[in-house]
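One-letter residues, chain by chain:
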Amino acid sequence: MIEDFKNFSVFAGENDPITVLLVGETYCDKNFSIVRPNSDLNAFEFIVDGSGTLDINGQHLTPEKDDVFFLKVGSNHKYKANKDNPWHKFWIVFGGTISRSLIDAYLPKDTYLFKNCNVKHHFEKIFAISKENIPYEKIVSKITIELMHIFMYIHNRLHIENENLAEIIRKRLDEAVESSFNLDKLCREINYSKNYVINIFKETYAITPYQYYLERKIETAKIYLIHSNMSIGDIAKTLHYADQQYFSSSFRTAVGCSPLEFRKKTRV
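Parameters and conventions
- Residues numbered from 1 in each chain as written.
- Predicted model: local features only at pLDDT ≥ 70, side-chain atom pairs only at ≥ 80, totals over all residues.
- Heavy atoms only, no water.
- Helix = DSSP H or I, 4+ residues; strand = E, 2+ residues; numbered from the N terminus.
- Polar contact = N/O pair within 3.5 Å; in protein donor to acceptor, adjacent residues only side chain to side chain.
- Pairing = 2+ DSSP bridges.
- Axes fitted to C-alpha atoms, helices over the stretch in contact; angles between N-to-C directions.
- Contact = heavy atoms within 4.5 Å.
- Core = buried A, V, L, I, M, F, W, Y, C linked by side-chain atoms within 4.5 Å.
- Buried < 20%, exposed > 50% of the residue type's maximum accessible area, 1.4 Å probe, protein only.
- Salt bridge = Lys/Arg side-chain N within 4 Å of Asp/Glu carboxyl O.

Caption draft 1: Molecular detail of the environment of D243. Looking at the secondary structure, you find D243 in the loop between α8 (232-238) and α9 (244-255). Measuring from C-alpha to C-alpha, the distance between D243 and G233 comes to 7.5 Å, with ten residues separating the pair along the chain. Looking at D243, its side chain comes within polar contact range of the main-chain nitrogen of Y246, at 2.7 Å.

Here is the structure:
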């Protein structure tokens, strides 16, 4: 096992609002295993890669790549890495008087595993902050911001899960037809990893989000060609194509004729 961590527990005050006790990165080996009866810590752990199992308060869970699992004070838990595919993970152990309120307000009761979380950058930033040569109070202030992002991310994710995720993605794509599209940005907005977004959308609509987005652009172009007197160049600009030539080429590939030919045929 390779582990790199910082221990701040000596600086933490019992009545501090937020305390950062430990921050680390671990490359587990096949023998990695931890058992804690009646745990005295709160922790978030993000799985960068690999797989394993977590048994906590009677639940058997399987944290894997892009998952976050939560270890709560007072829980009985044991977790171990898969011997053939051990975890690489970032983690933070935290406490404080306010942390208890955050856990109650933002995390659902008796839920310890959150799948496909797009929060790797927050854990990387927490790890980087822990290495800075600054006073403990400043480290806590900076890490608290990232910790809040993680709490809010999980809370907002659970809110979205109560709706139809594929339909939410589709609506966002429809709204972006007359603008440039960035799948990474969409994933950040709806708090899911790129692979999960692509898979869940494809399962519902049998097409990738990007393919759907391109098809909606073509359908919107058809409407402009039939019902407006906009020039081909203006339509290309409105739909955020790189230029008129690229728009015409994309349209021909999708429809089988040029935009001008389509306009002539549909207006006869």
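Having put the structure on the table, let's press on.
Caption draft 2: Spatial organisation of the sheet that holds strand β5 (residues 52-56). One open sheet holds the four strands; their spatial order is β3-β8-β5-β6, and the pairing between them is antiparallel. In the strand order of this sheet, the two ends are held by β3 (33-36) and β6 (59-61), each with one partner. With strand direction ignored, the average angle separating the axes of adjacent strands in the sheet is 5°. One ladder, built from five bridges, connects β5 with strand β8 (residues 77-81); its direction is antiparallel. By the bridge assignment, G52 is partnered in β8 with A81.

Caption draft 3: Local environment of the side chain of T220. When you line up the elements, T220 lands in helix α7 (residues 209-227). Apart from the residues lying within four places of it in its own chain, the contact partners of T220 are V177, E178 and L239.

Caption draft 4: The arrangement of the nonpolar core in detail. One finds F44, I92 and F123 to be the most contacted residues of the largest nonpolar core, which totals 48 residues. Setting aside residues up to four positions removed in sequence, F123 forms contacts with F44, E45, F46, V68, F90, W91, I92 and I150. By size, the runner-up hydrophobic cluster in this structure holds 16 residues, among which are I169, A176, I200 and Y212.

Caption draft 5: Fine view of the pattern of salt bridges. Within this structure, the stated rule accounts for 14 salt bridges. Between K131 and D4 there is a salt bridge; the shortest N-O distance is 2.7 Å. Here K131 is found in the loop between α2 (120-130) and α3 (136-161), whereas its partner D4 is found in strand β1 (residues 2-7), with 127 residues between them in sequence. Looking at K131, the relative accessible area reads 38%, which means it is partly exposed. Looking at D4, the relative accessible area reads 34%, which means it is partly exposed.

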